[in-house]
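# Examination of the molecular architecture
One letter stands for each residue in the lines below.
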Amino acid sequence: LLFIIAGGIGDDEQSNIDVRAQDITRLAQQWSLQMRREPSAGELDGLVDQYIKEEIYYREALRLGLDKDDTIVRRRMLQKLTFLTEDLAVSGAPERAVLENYHQQNSANYTQPERYSFQHRYFSTDRRTDAEQVAKRALTDTDLIGDPFMLQKQYAQRSEREVGDLFGREFAAALTTLSADELWQGPLRSAYGWHVVQLSRVTPSRILQFAEVQDRVLADWQQAQRQAANAEYYRSLRDRYRVQMPAPATTAP
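I will try to describe carefully the structure that is included in this document.

Rules and cut-offs
Residues numbered from 1 in each chain as written. Predicted model: local features only at pLDDT ≥ 70, side-chain atom pairs only at ≥ 80, totals over all residues. Heavy atoms only, no water. Buried < 20%, exposed > 50% of the residue type's maximum accessible area, 1.4 Å probe, protein only. Helix = DSSP H or I, 4+ residues; strand = E, 2+ residues; numbered from the N terminus. Pairing = 2+ DSSP bridges. Phe/Tyr/Trp six-rings, centres within 6.5 Å; stacked < 30°, edge-to-face > 60°. Lys NZ or Arg CZ within 6 Å of the ring centre and 35° of its normal.

## Side note on the pairing of strand β5 (residues 193-203)
One face of the sheet, then the other: side chains in a regular strand alternate in exactly this way. The buried fraction of β5 amounts to eight of the eleven residues, a majority that puts the element mostly inside the structure. Here strand β4 (residues 185-189) folds back onto β5 in antiparallel fashion, the turn holding three residues.

Pasting the structure below:
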């Protein structure tokens, strides 16, 4: 009889859904942010009904144990715990001196690579069987204007990586070996064919000043704090658990 009474009390408590004023306010605010206007009375009633429906379904799912052995639920809970740890790690705004020190210690991450400004004439291996030989003649014969090219004929302030994305890594690597000169140089092979290049300027690599990348430094610092907080939190939790691994399988002779 006591067990039955206790079970009944538990069921009554489980069946109580307390919709608070702040819950309704939160639902209305979420609607306003999404729809750019206040919900009408009917719309707000619909939001509350949906909230109640979700709460009932959630409780029934827990009662049936649907959260057990569910990979998606497991990953979501892990993600929420990770987010909670990360939010606490960056809850306060760092002082400028902290960010400047981080910028100094990680200056390699804020180094602008060498940049190249050049124009080129293109000689297609699809259109010509002797594209390389023609390109060599074009070094001194400016009347050889080259073949139509799908990309631009002139580029300014492009890094080796950006040039490689456009022309291929072989072309970009060869371009970095040239010196700025008014004369045509090459020919250089790309993913499209052969090119003669007039390299007008090479802008040296430099470390970007803190003022130029302050927002980026802040984002990087926050990410570093999140990672450090998660690592430390995991270490503190790991010490509380004893892990037993299965014995290694015996190998048959």
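Structure shown, so let's carry the discussion forward.
## Here's the deal with the packing of aromatic side chains
Any aromatic ring pair is given by two values, namely how distant the centres are and how the planes are angled relative to each other. On inspection of all chains with the given rule, the structure shows eight aromatic pairs. Centroid distance F149 to F167: 5.8 Å. Interplanar angle 10°. Geometry classified as stacked. With F149 in the loop between α6 (131-138) and β3 (154-159) and F167 in helix α7 (residues 160-167), the pair connects residues that are 18 residues apart, well separated along the chain. With respect to burial, F149 and F167 carry one shared label: buried. Plain terms: the ring middles of F167 and F171 are 4.5 Å apart, the flat faces sit at 20° to each other, and that makes the pair stacked. What makes F171 buried here is its relative accessible area of 1%. Clustering of aromatic rings is evident, with ring pairs tying together F118, Y122, F149, Y155, F167, F171 and Y192. In this structure, R121 is placed above the aromatic ring of W184, and the distance from its NZ or CZ to the ring centre is 4.3 Å.

## What about unusual backbone geometry?
Along the chain, G186 connects to P187 via a cis peptide bond; the corresponding omega equals 0°. Its location among the elements puts P187 in strand β4. In this structure, R36 is a non-glycine residue whose phi angle is positive, near 65°. Inspection of the secondary structure assignment puts R36 in the loop between α2 (21-35) and α3 (41-63). Using a relative accessible area of 74% as the deciding quantity, one classes R36 as exposed. One non-glycine residue, D69, adopts positive backbone phi at about 55°. Mapped onto the secondary structure, D69 falls in the loop between α3 and α4 (71-89).

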